[in-house]
Amino acid sequence: MDLRPVVALLFVTAACGGREAARPSDVAREEPRVFAGGVAPPAGAPQVDKNPFRGDRQSAAEGERTFGVMNCDGCHGGGAAGWVGPSLRDGRWRYGGSDGAIFQSVYYGRPHGMPAYGGLLPPGAVWKLVTYLQLLEPPANAPTQSWR
Amino acid sequence: MTRLTVLILLGALPVGGAAQRGDWPMPGKDFAATRYSDLSEITGANAGRLRPVWTFSTGVLGGHEGQPLVVENTMYVVTPYPNVLYAFDLTREGYPLKWKYRPAVDPNALGIACCDAVNRGAFYADGKIVYNLLDGHTVAVAAATGKELWKTRIADLAQGETTPVAPLVVKHRVIVGASGGEFGIHGWLKGLDLETGRLVWTAYNIGPDSEVLAKPGIFQPFYDRGAELALTTWPAEVWKNGGAPVWGWMSYDPALDLLYYGTGNPAPYNPEQRAGDNKWTASVLARRPDDGTLVWAYQFTPHDSWDYDAASEMILADLVVGGRPRKVLVHFDKNGFAYTLDRATGEVLVAQPFVDVNWAKRVDVATGRPVVDSTKLTGASRGNVKHVCPTLEGGKSPASPAAYSPRTRLFYLATNNMCMDYQATQATRIAGTPFIGANTPYHAGRGGYMGAFIAWDAGAGKKVWQTTEPYPVWSGALVTAGDVAFYGTLDGWFKAADARTGKVLWRFKVGSGVVGNPITYTGADGKQYVAVYVGIGGDWFLLAGDVRSDDPADVRAPADFVPDIARHTSQGGIVWIFAL
């Protein structure tokens, strides 16, 4: 399935109702988050700890498209190799690398500027993003870099 | 006294301040943004004996752009996020702190700032240190005590606005702008009241004349006619997210009462989403500081298709051009051309490339427009456009301001010798997330070296000398009455060069790559000192992510075009002071 029409539709909906909903206290527990499109994730966290699509190439391909359409690459770089935001393909995670922790990072955002996408993307689309990231290969030279 | 005389007196002195000769009270040293000091103790004959006299770790690892200020034997240093302000007592041994100011800055700004959490410095005026916090606030702090006098919210993180720009204070107006050309902001300039921080005016860079503050009979661009230029050069509604951020340097001519600043790129990078010239992005604007009224504007890169921000400084000088003395404004654009403009009217007098340029054949000074090579036009339908020179980092980075010596009548600047491929893609605007739409890998330009420090004759439009460097050069320049020019390199050397020949007289390895701007001042002992921030970052945090060492959860491969930069440097914020 091509996610683009879905994402575009979600974005249009979001753009109409967005500003008023952008109250940090709605979902943030420790610190306020930025809400992508100004839309807070819906109340009531999905309590899923296992990625239902883990390892599924088709889901990863959809997740990769979402990574571009939702501007994730603008901060995390092409191929998620790191830009102003950290690399997501080095096998290391600031907020934990379990299925559920990566999902939480995307859905609810994180301090230091990772926007919450739960107001724009349904849980299934976020899980496909997680699937894409989990299938990326870490760079061959980590952790040692050497020069001659 | 005539109004003009009053203005000249105001311009000749730092506003209401007690700054002395030998101080460095504002980012560009003076309102003309020359970064020239008339101190002459350090000369070509003795610069080889420079030695470090003091260092200070700022405790912050972000890119240390900007510069310290020195006023009345106190040095003021602003760090990148979290924007700590330090005041050092230069009269005591070891330069202990008089105070430090640690504001609360919203950490979400880190994810909204496009290109590292930089700060480009503070401004001293009327006993106050005025600067911007990254999260969209301007603060004024008492220079004597460090006490916060006011704090004003100027920008909106939720819309992609952050505020690394250094303010300019003129006539009791604090002039500020916001970054966000990569987030689809609606770019603006604001004027605050120096005493209270109250917002006095807002002038948008794009949109209807009523918001751009372009008034009939007053606004007279040299090359354009008609009303609503910043609206009619855009598709309907698109201008509302059209960029035109303000993140570079400002200058001011007291005789003309004109404030000059450049605007950044149009958003998004995919030009097919915004047909038209997209005024006034990638432009210089001249405004009245009292109320923001627009007097003239000139667009360097119409319908910018290469992310050629015009945020670089506008240096004011009196030069002979074509045999006539002219009051000019000199600007080294990201697009690779050096422009010499009449600063009263915006007329282009000289426009010549200062690095290899292939997106345009030349600038037609009769029309003011570049003659674009159509094979270098970009857009989502054009696929990957190969080998565009210079890159979107600029023939010169706007973050690295040039200097002008009235003694040599030359401009000194750090340049980049790089080209790019440009693959534009459709971009979707989602507030608070990037709005870019291009993938643009870089490669070295002709000759294989990636940067140079050059001297430029802006009257003739000619390069006088150049010193090549293996890496792009990303520091500001300083030039003195001792005819010595100073700059730093990405691989962590700080250098002194003969301003007349370019010969490197002295160099010192300073611990991290230099993206800051050197200054010079007279110490409490009457000696001449040179100070500079070091700490690689800014775009170089993005491009060479392997110079990062502070985050175990962020390990990156080397950049393919600078695969060995991390061999020579790593992150680290340090203030250095040198003297004979």
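Residues numbered from 1 in each chain as written. Chains lettered and ligands numbered in written order. Predicted model: local features only at pLDDT ≥ 70, side-chain atom pairs only at ≥ 80, totals over all residues.

### Topic: the overall build of chain B
Counting its regular elements, chain B contains five helices and 39 strands. The 580 residues of chain B split such that 63% are buried. Considering only intrachain contacts with a sequence separation of at least 6, the fraction spanning at least 24 residues in chain B is 63%. (Helix = DSSP H or I, 4+ residues; strand = E, 2+ residues; numbered from the N terminus. Buried ≥ 20, exposed ≤ 12 C-beta atoms within 10 Å, placed from the backbone. Contact = placed C-beta atoms within 7 Å.)

### Considering the nonpolar core
Ranked by size, the top nonpolar core spans 229 residues in total, and within it Val-126 of chain A together with Phe-123, Ile-315, Phe-411, Tyr-412, Ala-477 and Ala-485 of chain B carry the most contacts. Sorting elements by how many residues they give to this core places helix 5 (residues 123-134) of chain A first, with seven residues. Ignoring any residue separated from it by four or fewer positions in sequence, one finds Ala-477 of chain B in contact with Arg-35, Ala-402, Ala-403, Tyr-412, Leu-413, Ala-414, Ala-485 and Tyr-487 of chain B. (Core = buried A, V, L, I, M, F, W, Y, C linked by C-beta atoms within 7 Å.)

### Points about the confidence of the model for chain B
Taken over all residues, the pLDDT of chain B has a mean of 95, while the share at 70 or more is 97%. Low pLDDT, under 50, characterises residues 1-17 of chain B; the stretch is placed with 30 contacts to residues that sit more than four places away or in other chains. (pLDDT = per-residue confidence, 0-100.)

### As for the interface of chain B and chain A
Between chain B and chain A, the contact holds 35 residues from the first and 37 residues from the second. Here the element with the most residues in the side of chain B that touches chain A is helix 2 (residues 109-112) of chain B; it accounts for four residues. Classifying every residue of the side of chain B that touches chain A by side-chain character gives 20 nonpolar, seven polar and eight charged. (Nonpolar A, V, L, I, M, F, W, Y, C, P; charged D, E, K, R; others polar.)

### Looking at the packing of helix 4 (residues 99-108) of chain A against helix 5 of chain A
Residues and elements named next belong to chain A. In the contact formed by helix 4 and helix 5, the axes pass within 9 Å of each other and the chain directions differ by 120°. In terms of their interaxial angle, helix 4 and helix 5 are classed as oblique. Of the two possible hands of crossing, helix 4 and helix 5 adopt the one that is right-handed. Between helix 4, through Asp-99, Ile-102, Phe-103, Val-106 and Tyr-107, and helix 5, the contact on the second element is made entirely by Val-126, Trp-127, Leu-129, Val-130 and Leu-133. By residue class, the composition of the contact of helix 4 with helix 5 is nine nonpolar, no polar and one charged. (Axes fitted to C-alpha atoms, helices over the stretch in contact; angles between N-to-C directions. Parallel < 35°, antiparallel > 145°, perpendicular 65-115°, else oblique. Left-handed = near helix turned anticlockwise from the far one by under 90°.)

### Some thoughts on the environment of Arg-35 of chain B
All names here are of chain B. You can see Arg-35 is positioned in the loop between helix 1 (3-12) and strand 1 (36-37). Given 32 C-beta atoms within a 10 Å radius, Arg-35 is considered buried. Residue contacts for Arg-35: discarding those within four places in its chain leaves Gly-28, Lys-29, Pro-401, Ala-403, Gly-476, Ala-477, Leu-478 and Val-479.

### Some remarks on the sheet that holds strand 31 (residues 451-457) of chain B
Residue and element names in this part refer to chain B. With antiparallel pairing, four strands are arranged side by side in an open sheet as 26-27-31-32. Each having just a single partner strand, strand 26 (403-405) and strand 32 (462-469) make up the two edges of the open sheet. The sheet shows a mean angle of 20° between the axes of neighbouring strands, direction not considered. The pairing of strand 27 (residues 410-416) with strand 31 spans six bridges and is classified as antiparallel. Directly across from Phe-411, in strand 31, lies its bridge partner Trp-456. (Pairing = 2+ DSSP bridges.)

### Some thoughts on the sheet that holds strand 12 (residues 173-177) of chain B
Residue and element names in this part refer to chain B. Taking strand neighbours across the sheet as the criterion, the four strands line up as 11-12-13-14 in an open arrangement whose pairing is antiparallel. Each having just a single partner strand, strand 11 (168-170) and strand 14 (199-204) make up the two edges of the open sheet. When strand polarity is set aside, the average angle formed by the axes of neighbouring strands in this sheet is 20°. Here strand 12 runs beside strand 13 (residues 188-193); their pairing, made up of five bridges, is antiparallel. Among the inter-strand pairings, Arg-173 is bridged to a residue of strand 13, identified as Asp-193.

### Considering the confidence of the model for chain A
Across chain A, the average pLDDT comes to 81, with 76% of residues at or above 70. pLDDT under 50 marks residues 1-29 of chain A. Its contacts with residues more than four places away, or in other chains, come to 42 contacts.

### Re helix 5 of chain A
Residues and elements named next belong to chain A. Under the 1.5 Å per step criterion, the end-to-end length of helix 5 is 16 Å for twelve residues, consistent within 8% with the ideal 16 Å. Residues of helix 5 that are buried: Ala-125, Val-126, Trp-127, Lys-128, Leu-129, Val-130, Thr-131, Tyr-132 and Leu-133. Residues of helix 5 that are buried in the fold lie against helix 2 (57-69) and helix 4. (Expected span 1.5 Å × (residues − 1).)

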